[in-house]
Structures are given as C-alpha cells and as structure tokens.
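Spelled out, the chains give:
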Amino acid sequence: QDWDSHTLSWHHLSLPEEYRKANWPIKHVAVSRDNMQIAASGSNGVALYNLRLKKWRLFGNINQEIEVNAFGLLWFGPDIICIINRKGLKYNLLF
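Remember, it's a predicted structure, so these values are computed and weren't measured experimentally. (Residues numbered from 1 in each chain as written. Predicted model: local features only at pLDDT ≥ 70, side-chain atom pairs only at ≥ 80, totals over all residues. Heavy atoms only, no water.)

Spatial ordering of the open sheet is given by β1-β2-β3-β4, a layout of 4 strands whose pairing is antiparallel. Edge positions in the sheet fall to β1 (28–31) and β4 (55–57), since each has one partner strand and no second. Between one strand axis and the next, the sheet turns through 20° on average, direction left out of account. Pairing geometry for strand β3 (residues 47–50) and β4, over 3 bridges, is antiparallel. Paired with asparagine 50 across the two strands is lysine 55, which belongs to β4. (Pairing = 2+ DSSP bridges. Helix = DSSP H or I, 4+ residues; strand = E, 2+ residues; numbered from the N terminus. Axes fitted to C-alpha atoms, helices over the stretch in contact; angles between N-to-C directions.)

As defined by bridge partners, β1 adjoins strand β2 (residues 37–41) across 4 bridges and the pair is classed as antiparallel. Across the sheet, valine 31 pairs through a bridge with isoleucine 38, a residue of β2. Connecting the antiparallel pair β1 and β2 is a turn made up of 5 residues, with asparagine 35 showing a positive phi of about 65°.

Right, let's talk about the packing of aromatic side chains for a bit. In this structure the tally under the stated criterion is 1 aromatic pair. Between tyrosine 49 and tryptophan 56, the ring centres sit 4.9 Å apart and the planes meet at 50°, which makes this aromatic pair tilted. With a relative accessible area of 9%, tyrosine 49 lands in the buried category. (Phe/Tyr/Trp six-rings, centres within 6.5 Å; stacked < 30°, edge-to-face > 60°. Buried < 20%, exposed > 50% of the residue type's maximum accessible area, 1.4 Å probe, protein only.)

Before going further, it helps to spend a moment on unusual backbone geometry. Cis geometry is adopted by the peptide bond preceding proline 25, which originates at tryptophan 24 and carries an omega value of 5°. Notably, asparagine 35 is not glycine yet its phi reads approximately 65°, a positive angle. In this structure, asparagine 35 sits in the loop between β1 and β2. Classification of asparagine 35 as partly exposed rests on a relative accessible area of 31%.

Okay, here's the thing in structure tokens:
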C-alpha cells in the first residue's frame, strides 16, 4: 500500500526487533510535519523510519546507542532534534 500524507489514516508499523528488545519500553515518538518520517526512542538510542523508503535507521554501534538516553524528540523541518543525556555528560541537543 502506498502512503498518502494528505489523508488521515492509521499505519501500523513495527520497530525492528533488535531495537525493541534492547530498548523497551518506547518512551517517545515524533512524526515529521509531512508525515513521512517517524522517530522513536526507548530506554536508549533513537530509531528513525522513512515511510517513502520503508526503512529504519538505527545506531550502527551498540555502544553508542547505550550511551544515549533521549528525553524528547522534535521534528524541525526535515531535521530531528533529540534532547539527550549521554552517560557522564549533561543534556545535549543532537541534530
């Protein structure tokens, strides 16, 4: 099914199993203004989904993912802003 960003509808989407198992429960979800990108964060890391490509993007390194704890997600145009706490550091903004 093709995705139409101009109509209101439900779209069921599953996080990648490896992300879901390692970072449950999911705490934050944000959808871009054009409804074509989704960001989700759990206990660690951030997962990004592109509805056009039907593809998830995750941290490539599990150690980097474990270091990041997101406290908020916000789309600003085409960019995702993550308010994070990295182990040993204070709050940061990650674009």
